[in-house]
Amino acid sequence: ASNPRTPSKALVRLADDKRWEVRTEVALNQNSGSKVLDALALDGHMAVRTAVALNPKAPSSALRRLAKDKSSVVRLRVAENRSAPAGVLRRLSSDDDRDVRRAAGEKLKAQTREYFGYYDDLPAGERAHARGRRPSGHRAAGRGRWNRRD
């Protein structure tokens, strides 16, 4: 399952293996198709879900699902995935876990070249309030203020 030359059909079959170690290798394999990765994103074993979150070819549907995972380790790996969509990163920038918030904020800043003002040390209510204000006024007010020539 870990061999990069493993055929797609074999990966589909191995994705149903009873051993979580095999399913983890399938999830890490970049030749695994989106249907296989979507299915493995629902796996009961955290290591398998983490492996899907680490896979740079994981479909956005799997990453969106894993961004809501009960495990902060899985959510952190989603935030670190280079293919994570900006919407997923925005949600994770308000996560309950400080490491997840920080990773998502840094990745979002790198993707968009904009600072979204995530505050990893704020209480949950204040983070939610800041998250609610950020998307609407950030671009219009922020850019106008900084790009203006006086």
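Below or above, wherever it landed, is the structure these notes cover. Please read all numbers here as calculations on a predicted model, not as lab measurements. (Residues numbered from 1 in each chain as written. Predicted model: local features only at pLDDT ≥ 70, side-chain atom pairs only at ≥ 80, totals over all residues. Heavy atoms only, no water.)

## Quick word on the packing of helix 6 (residues 72-80) against helix 8 (residues 98-112)
- Two elements in contact, helix 6 and helix 8, have axes separated by 8 Å at closest approach and are oriented at 10°. Judged by the inter-axis angle, helix 6 sits roughly parallel to helix 8. Residues Ser 72, Arg 75, Leu 76, Ala 79 and Glu 80 of helix 6 lie in contact with helix 8, whose contacting residues are Asp 99, Val 100, Ala 103, Ala 104 and Lys 107.
- Of the residues that constitute the contact of helix 6 with helix 8, the class distribution is 5 nonpolar, 1 polar and 4 charged. (Axes fitted to C-alpha atoms, helices over the stretch in contact; angles between N-to-C directions. Helix = DSSP H or I, 4+ residues; strand = E, 2+ residues; numbered from the N terminus. Parallel < 35°, antiparallel > 145°, perpendicular 65-115°, else oblique. Contact = heavy atoms within 4.5 Å. Nonpolar A, V, L, I, M, F, W, Y, C, P; charged D, E, K, R; others polar.)

## Brief notes about the nonpolar core
- Val 26, Leu 40, Val 52, Leu 66, Val 78 and Leu 92 are the most contacted members of the largest nonpolar core, which totals 29 residues.
- Those elements that place two or more of their residues in this core are helix 2 (20-28), helix 3 (34-40), helix 4 (46-54), helix 5 (60-66), helix 6, helix 7 (86-92) and helix 8.
- Residues in contact with Leu 92, not counting those within four places in the same chain, are Ala 67, Arg 75, Val 78, Ala 79, Val 100, Arg 101 and Ala 104. (Core = buried A, V, L, I, M, F, W, Y, C linked by side-chain atoms within 4.5 Å. Buried < 20%, exposed > 50% of the residue type's maximum accessible area, 1.4 Å probe, protein only.)

## Regarding helix 6
- Within the sequence span of helix 6, burial applies to Val 74, Arg 75, Leu 76, Val 78 and Ala 79.
- Packing partners of the buried residues in helix 6 comprise helix 4, helix 5, helix 7 and helix 8.
- The N-capping residue of helix 6, defined by a side-chain oxygen 3.2 Å from the backbone nitrogen of Val 73, is Ser 71. (Polar contact = N/O pair within 3.5 Å; in protein donor to acceptor, adjacent residues only side chain to side chain.)

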